[in-house]
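# Structural features, examined
The lines below spell out each chain.
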Amino acid sequence: MDPRVLAAMQPFFAERFGNAGSVHGLGQDARAAVDEARAAVAALMGAQPEEIVFTSGATEANNAAIIGTVYASRRPDAHLITAATEHHAVLEPARWLAGRGAALTVLPVDGCGRVDPDAVRRAIRPETVLISIMHGNNEIGTLSLAAEIGAIAREHGVRFHTDATQSVGAVPVDVGDLHADLLSFSAHKRYGPKGVGALYVRSGVGIEPILHGGSQERGRRGGTENVASIVGLGVAARLAEETMAEESARIAALRDRLAAGMAAMEGAHLNGHLQERLPGILSVSFAGADSESLLLALDLEGIAASSGSACASGSIEPSHVIAALGLPDRLVAGTLRFSLGRPTTAGEIERVLEVLPRLLDRVRRAWAGAYGFRR
Ligand SMILES: *Cc1c(COP(=O)(O)O)cnc(C)c1O
């Protein structure tokens, strides 16, 4: 978390602990702080403050958008369109609805991880109530053709939701340009606290709430406002707006240096779209290696990376995103994701490039020995 975010949140845990729903001065102080945060979040994405609903994060925002749209449609035969590389926080609520009578189309992606807008157009049926296609992918960094897909949805009178958790604050995001009716994001991906996020709901778009209770958030999400976290989200949004252009250019340059260094390593393959992508994510597959061993070896060197894959009962389950790209198996198993951000330095990038070849060599030799694989 950015220290400026933490500092802004701190008073709201004690001295300024008013309930934003109370009439007294302390309550009104909290209300004013929530309103200020709402305005900052709205400004970051070209929305109106009343179109922002605070949630517990992007998972809740995605669930509220998807389940809320299908329930509001009152169609027992509602049809949804999404893509194979979406976050589980989109795929799982969509599958949950599909298990309860909804129809679901999960579109494939190309080798860069992009959904073809024409495939979206062809998938639309009279019963289609929602198209949900993410803006920036969290594992490979590819930016989708969300604006084109949003325009197609609008043209067909179908709601368009985009999970913009990775792109808000990293690249320009404007709800008008994207033709978004619903847009989700989360504070902790942009140097804010965990457990808070927001859903943009275009004015006039009705969704059925998934949390029923008090009339907070204009009746769209019951429950006492998480004032301190909302304040943190607001400051994170304001900082993102102020620093995005300069910061994203700096991070993209570091990412390019990392990518160039890795591309020069034997058996390396860069994943995702090489131009249209988020600045801070780099996914690389290393032939003949396995990501779990690489991650452990990197961790011992003090380098935190991720694989996006889960290890289940000894067999490495490839990430659904990497699997959807259609890479050969010898590459899929050795996929690593590196995330760069506000605190990342050039020295750290050089250090990764310096230690990785040695680790790769060791892991490949062990992997070849254990499984008899040849490079
Ligand atoms: C992290 C992430 C989520 C989930 O966000 P939470 O705030 O952890 O619920 C959803 N979608 C994408 C693309 C993400 O990167």
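Rules used throughout
Residues numbered from 1 in each chain as written. Predicted model: local features only at pLDDT ≥ 70, side-chain atom pairs only at ≥ 80, totals over all residues. Heavy atoms only, no water. Pairing = 2+ DSSP bridges. Helix = DSSP H or I, 4+ residues; strand = E, 2+ residues; numbered from the N terminus. Right-handed = clockwise from strand over helix to strand, strands pointing away. Near = heavy atom within 4 Å. Polar contact = N/O pair within 3.5 Å; in protein donor to acceptor, adjacent residues only side chain to side chain. Areas by Shrake-Rupley, 256 points an atom, 1.4 Å probe, with all protein chains shown as cover. Contact = heavy atoms within 4.5 Å. Axes fitted to C-alpha atoms, helices over the stretch in contact; angles between N-to-C directions. Core = buried A, V, L, I, M, F, W, Y, C linked by side-chain atoms within 4.5 Å. Buried < 20%, exposed > 50% of the residue type's maximum accessible area, 1.4 Å probe, protein only. Domains from an automatic or database assignment. Buried area = accessible area lost by both parts, 1.4 Å probe. Salt bridge = Lys/Arg side-chain N within 4 Å of Asp/Glu carboxyl O. Arc of directions from axis to C-beta.

Inspection of the sheet shows strand β2 (residues 79-83) paired to strand β3 (residues 103-107) by 5 bridges, in the parallel sense. Bridge pairing in β3 links His79 to Ala103. The parallel pair β2 and β3 is bridged by helix α4 (residues 88-98), and the resulting crossover is right-handed.

This paragraph deals with the site of the ligand. Taken together, Gly57, Ala58, Thr59, His87, Met134, Asn138, Asp163, Thr165, Gln166, Ser186, His188 and Lys189 make up the full set of residues near the ligand. One of the side-chain nitrogen or oxygen atoms of Thr59 is found 2.5 Å away from an oxygen atom of the ligand. His188 places a polar side-chain atom, nitrogen or oxygen, 3.0 Å from an oxygen atom of the ligand. Contact with the protein chains removes 87% of the 380 Å² of surface that the ligand exposes when unbound.

Along the polypeptide, Gly21 turns up in the loop between α1 (3-9) and α2 (25-44). As for Gly21 and Ser215, which are separated by 194 residues in sequence, their C-alpha atoms are 9.5 Å apart. Discounting chain neighbours no more than four positions away, the residues touching Gly21 are Arg31 and Glu225.

This brings us to the environment of Glu36. Note on placement: Glu36 falls in helix α2. C-alpha of Glu36 to C-alpha of Thr82: the two residues are 46 residues apart in sequence and 34 Å apart in space.

Backbone hydrogen bonds are what pair the strands of a sheet, in a parallel or an antiparallel way. Spatially, the 7 strands line up as an open sheet ordered β1-β7-β6-β5-β4-β2-β3, and their pairing is mixed. With one partner strand each, in any of the chains shown, β1 (52-55) and β3 form the two edges of the open sheet. Across this sheet, the average inter-strand angle for adjacent strands is 20°, counted without regard to direction. Inspection of the sheet shows β1 paired to strand β7 (residues 197-201) by 4 bridges, in the antiparallel sense. Bridge pairing in β7 places Ile52 opposite Tyr200. Set on the sheet, α4 makes contact with β2, β3, β4 (128-132) and β5 (159-163); between it and β2 the angle comes to about 150°.

The next thing to look at is the nonpolar core. Counting 63 residues, the largest nonpolar core has Val41, Met45, Ile52, Phe54, Ile131 and Leu183 as its most contacted members. Per-element accounting of this core gives the leading share, 8 residues, to α2. Two domains each donate at least three residues to this core, and these are domain 1 (3-240) and domain 2 (244-371). Excluding its chain neighbours within four sequence positions, the residues that come into contact with Phe54 are Val34, Ala37, Arg38, Val41, Gly197, Ala198, Glu217, Arg221, Ile230 and Leu233. Among the nonpolar cores identified, the runner-up in size contains 27 residues, and Met262, Met265, Leu294 and Val352 belong to it.

The element β4 is largely enclosed, with a buried count of 5 among its 5 residues. The sheet contact formed by β4 and β5 spans 3 bridges and is parallel. If you follow Ser132 over to β5, its bridge partner there is His161. Considered for its hand, the β-α-β crossover made up of β4, helix α6 (residues 146-155) and β5 is right-handed.

The next thing to look at is the domain arrangement of the protein. Taken as a whole, the protein is organised into domain 1 (3-240) and domain 2 (244-371). A separation of 29 Å is found between the C-alpha centroids of domain 1 and domain 2. Listed per partner, the contact involves 29 residues of domain 1 and 24 residues of domain 2. When residues of domain 1 are sorted by the area they lose upon contact with domain 2, Glu139, Ile140 and Tyr191 head the list and together hold 33% of the total. Connecting domain 1 to domain 2 are 0 salt bridges. At the boundary of domain 1 with domain 2, the tally comes to 9 residue pairs in polar contact (both at pLDDT 80 or more).

Here the focus is the sheet that holds strand β8 (residues 268-270). If you walk across this open sheet you meet the 3 strands as β8-β9-β12, and the pairing is antiparallel. Only two strands of the sheet have a single partner each, and these edge strands are β8 and β12 (335-339). Looking at each pair of strands side by side, their axes are set apart by 25° on average, direction ignored. Bridging between β8 and strand β9 (residues 281-286) involves 3 bridges; their strand directions are antiparallel. Following the sheet pairing, Ala268 is matched in β9 by Phe286. Packing against the sheet, helix α7 (residues 227-263) makes contact with β8, β9 and β12, and its axis sits at approximately 5° to β9. Lying over the sheet, helix α8 (residues 291-300) contacts β9 and β12, oriented at roughly 40° with respect to β12.

Regarding α6, the residues found buried are Ala146, Ile149, Gly150, Ile152 and Ala153. The buried residues of α6 occupy an angular sector of 160° when projected down its axis, which confines them to one face. Check the buried side of α6 and you find it contacts α5 (117-123), β4 and β5. Following α6 by one or two positions, Gly157 adopts a phi angle in the positive range, close to 65°.

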